[in-house]
Amino acid sequence: MTSKAEEAGNFEHDENRFRLLTILSRVLIYSLLFFWVFVSLFPIFWTLTTSFKTAVDVTRGHIIPWVEFQPSWKGFRSLGLSPDTIWATSTVRDEFLKRFTNSVITSIGASTLAILIGSLAAYGLSRFQYRFGFMRNKDISFFFLSQLILPPVVLALPFLILYKELALLDTTLGLIFLYTLTVLPIVIWIMRDQFDTIPAELDEAAQVDGLSSWGAFFRVILPIALPGMVASFILSLILTWNEYFFAALLTSSEAKTLPVMVASQTGSQGINWWSMAALSTMAIMPLVIIGIALEKYIIKGMSAGSVK
Amino acid sequence: MSSNAPSFDDDFEFIPDQITESRRRAGKLLVRVFFALFVGIFALQILYKTSMIGFGFENWRPVLYAYLAWAVAIGVGQVISRGEAGYRALFVLPAVMFVISVVIVPTLFGLVIAFTDYNLASFEGQKFNGFDNIVQLVQDDFFWNAMRNMVFYVLAVFVEYAIAFGLALLLNADIKARKFFRVAFLLPFMLSPVAVSWMIGKSLMENRFGPVARLARNLGWDSPAFFTNPWIARISIEIMDAWVSIPFIMILLLAGLQAMPRDVIEAAKVDGANPWQNFWKITFPLMLPVSATAIVLRIIFKLKLADIVINVTSGGPGGATDTLSSFIFREYRDRSNVGYGTMIAIVYLITIIIFITLLLGFVSKRMQKMT
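Asks: Sorry if this is basic, but what is going on with the overall build of chain A here?
Replies: What chain A contains, in helices and strands, is 14 helices and two strands. Whereas a compact globule of 308 residues would reach a radius of gyration of roughly 19 Å, chain A reaches 27 Å, over 25% beyond that. Dimensions of chain A, computed from the C-alpha atoms along their principal axes, are close to 85 × 65 × 35 Å. A buried classification covers 44% of the 308 residues belonging to chain A. Here the contacts in chain A between residues at least 6 apart in sequence split such that 72% fall between residues at least 24 apart.

Asks: Help me understand the overall build of chain B in this model?
Replies: Each helix and strand in chain B was counted, giving 14 helices and zero strands. Shown N-terminal to C-terminal, the secondary structure of chain B runs as helices and strands in the order α-α-α-α-α-α-α-α-α-α-α-α-α-α. In summary, chain B has a C-alpha radius of gyration of 28 Å against a globular reference of 21 Å for 371 residues, an excess of more than 25%. On the principal axes, the C-alpha backbone points of chain B span a range of 80 × 65 × 35 Å. Sorting the 371 residues of chain B into buried and exposed places 40% on the buried side. For chain B, the share of sequence-separated contacts (at least 6 apart) that also reach a separation of at least 24 residues comes to 69%.

Asks: Is there a simple way to explain the interface of chain B and chain A in this structure?
Replies: Interface size is often expressed as the accessible area that is lost when the parts come together. Counting residues at the interface gives 81 residues for chain B and 81 residues for chain A. For the side of chain B that touches chain A, the leading source of residues is helix 3 (residues 84-113) of chain B, giving 15 residues. Each residue belonging to the side of chain B that touches chain A can be placed in one class, and the counts come to 57 nonpolar, 14 polar and 10 charged.

Asks: Where do I start with the nonpolar core in this structure?
Replies: Inside soluble globular proteins, nonpolar side chains tend to come together where they are buried. A121 of chain A together with V92, A95, M250 and L253 of chain B are the most contacted members of the largest nonpolar core, which totals 173 residues. Discounting chain neighbours no more than four positions away, the residues touching L253 of chain B are A164, F165, A168, M287, V290, S291 and A294 of chain B. Residues I41, W60, V63 and W70 of chain B belong to the second largest nonpolar core, which totals 11 residues.

Asks: When you look at the domain arrangement of chain B in this model, what are you seeing that I'm missing?
Replies: For chain B, the domain assignment lists domain 1 (21-113) and domain 2 (135-370). Each of domain 1 of chain B and domain 2 of chain B was reduced to a C-alpha centroid, and the two centroids are 41 Å apart.

Asks: Can you help me understand helix 7 (residues 193-204) of chain B in this one?
Replies: Along an α-helix, residues three or four apart share an orientation, since each turn contains 3.6 residues. Extensive coverage of helix 7 of chain B is indicated by the burial of 12 of its 12 residues. Every buried residue of helix 7 of chain B is listed here: P193, V194, A195, V196, S197, W198, M199, I200, G201, K202, S203 and L204 of chain B.

Asks: Would you mind showing me how to read the packing of helix 13 (residues 324-335) of chain B against helix 14 (residues 338-370) of chain B here?
Replies: Relative orientation and spacing of two packed helices are given, respectively, by the angle between their axes and the distance between those axes. All names here are of chain B. It is the contact of helix 13 with helix 14, at a shortest axis distance of 8 Å, that shows an interaxial angle of 165 degrees. Considered as vectors, helix 13 and helix 14 are oriented roughly antiparallel to each other. Where helix 13 crosses over helix 14, the two elements pack in a sense that is left-handed. On helix 14, the residues that touch L324, I328, E331 and Y332 of helix 13 are V338, Y340, G341, I344, A345 and Y348. Residues that form the contact of helix 13 with helix 14 fall into these classes: eight nonpolar, one polar and one charged.

Asks: Help me understand the environment of E160 of chain B in this model?
Replies: Residue and element names in this part refer to chain B. Checked against the element boundaries, E160 lands in helix 5 (residues 141-172). Residue class for E160 comes out buried when judged on the 22 C-beta atoms lying within 10 Å of it. Sequence separation between E160 and R298 is 138 residues, and the spatial gap between their C-alpha atoms is 9.4 Å. Excluding residues that lie within four positions of it along the chain, E160 makes contacts with A242, S245, I246, I249 and R298.

Asks: How should I be thinking about the confidence of the model for chain B in this particular structure?
Replies: Detail in the predicted coordinates should be disregarded across regions flagged by low pLDDT. All names here are of chain B. Within chain B, residue pLDDT values average 85, and 93% of them lie at 70 or more. Mean pLDDT values for the elements of chain B range from 74 in helix 10 (residues 262-268) up to 94 in helix 5. Low pLDDT (under 50) marks residues 1-12, which in the prediction has 24 contacts with non-local residues, meaning those over four places away or in another chain.

Calculation criteria
Residues numbered from 1 in each chain as written. Chains lettered and ligands numbered in written order. Predicted model: local features only at pLDDT ≥ 70, side-chain atom pairs only at ≥ 80, totals over all residues. Helix = DSSP H or I, 4+ residues; strand = E, 2+ residues; numbered from the N terminus. Rg over C-alpha atoms; globule rule 2.2 N^0.38 Å. Buried ≥ 20, exposed ≤ 12 C-beta atoms within 10 Å, placed from the backbone. Contact = placed C-beta atoms within 7 Å. Nonpolar A, V, L, I, M, F, W, Y, C, P; charged D, E, K, R; others polar. Core = buried A, V, L, I, M, F, W, Y, C linked by C-beta atoms within 7 Å. Domains from an automatic or database assignment. Axes fitted to C-alpha atoms, helices over the stretch in contact; angles between N-to-C directions. Parallel < 35°, antiparallel > 145°, perpendicular 65-115°, else oblique. Left-handed = near helix turned anticlockwise from the far one by under 90°. pLDDT = per-residue confidence, 0-100.

This is how it looks when you write it as structure tokens:
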């Protein structure tokens, strides 16, 4: 038999233990979180700071700016992008800007094309019953999705020869076609998920009001599906902006994109760390900014359809 | 193509338009005219290129235009000959035709090249060499080596998954500044593998000045080298790829965790069980479907791994880090061996299709058993 006092004591003891455990688990959770923040951000931080380092700072392994080393514009000067060289002529900068523009045109072009035909297909598959030979809606959806497993190498060499014959080798247009293909399955996947959440009654109401099926799609459904379109557009943008394999094989001088330029610089031994870091920084910055600003849409796009 | 075009089946509320016979015929005629035009130009160009006639086009571009015109005519023909049903078919038709032209046609073309000795560096032109490429492939140690490496890379997905699950649980815990952590964890996914190759592979892991090498020296590894020993090189490549892709798995799992009904979890909690036991008894089984999706998707992406390998090690040392894609890339880049490279790619594609089909079959069987 335990007395009341003892019981109260036990209870207090448990309470204390519980509080200690909670604090411990808090500490553990936050230290793990901050550890992974370090893992995720240190390489980005390192690249960013190295682009402001001089040779001595690189070889001595200085890490913290203003404390361990004084930032210099050396890396960006070699790209022609530092404050004192930005107005002067620079062949490196011209080259960089050309590649940057190519990347912008290619990725935006391919993403737009993919959204255009992908949204249409997704809407059709979500609303109407098709029969395409032996294929029904389910099979058509699977046909699109199955393109995901196709590794780029399978298409790369046939395309090399086809594009050579079609005079599409080393053109932005040629790259756009291929990039559209690589992101189309993802766009259709996300958009189908999006259209499925919009009740079909809305289409019917619009058609009762006298709109055609295309009118209902453009005037009524598309505005509602806009978040899904933004999500799939950004996801396409990320994938196409970073694409290297096709660009490396199918472009040489005219349509070369930024990743190919970065890769060609890393290949040469003895390249200056600061200019390489500056180049990498410029290549990743657009996406880092997009990632921070539009994180909500990226996560929406990535998790579309995974939870049913 | 017009014969097996989409048509409607059991859409009960849908009443097909009344199409007159002449209109239907006009639509069919339009498609046929453009198809004839395409075939005509195609034939003309073949004759010209094989020097059987003296006139033709400088390159094959006009054939492409004729093809596009034919594709547009199919769309227009659908509307003319089938009315509203045609309008509806028009939604899905562009994507279907695009994929067929950009995937099926080149893959079939690749199948032809795969049985030739096509080499861009030789002037003799290509000729069929039957099964020579397959024989060469079976005897090619580098091919089998790359295949073994792929097994390692695919198995590493499970490690990535474990880490990603841990991160997703952390993000799903009751924490402050969740958005900050989520953005920070997501950022590596945004970066191009090529940039990552330099940022991590060539500078952080650089043997002399890289911070990772410095850390390794401080921890007692005298002369750290991340890309000279086969196993260390393979693991280094895997770490870089994991760094980029763990956020992808993490986001999928996080979505799964957030979709789980809280009350079910609370109700299912066993009295006296610690969080560890609760996780294995409740959360993990509930997360299995999402986990399967995440792992299968990740394996599919992993099978395309190439950029980092090409840029950091070029497959070295001695092919230890080669993936199939980087191997084929070099086969073309260094030897211009299009015929043999395409054969490897086709064999790889067939292997992937079989593997993924088996994997999906296995997963869906297990899922059925669970529910």
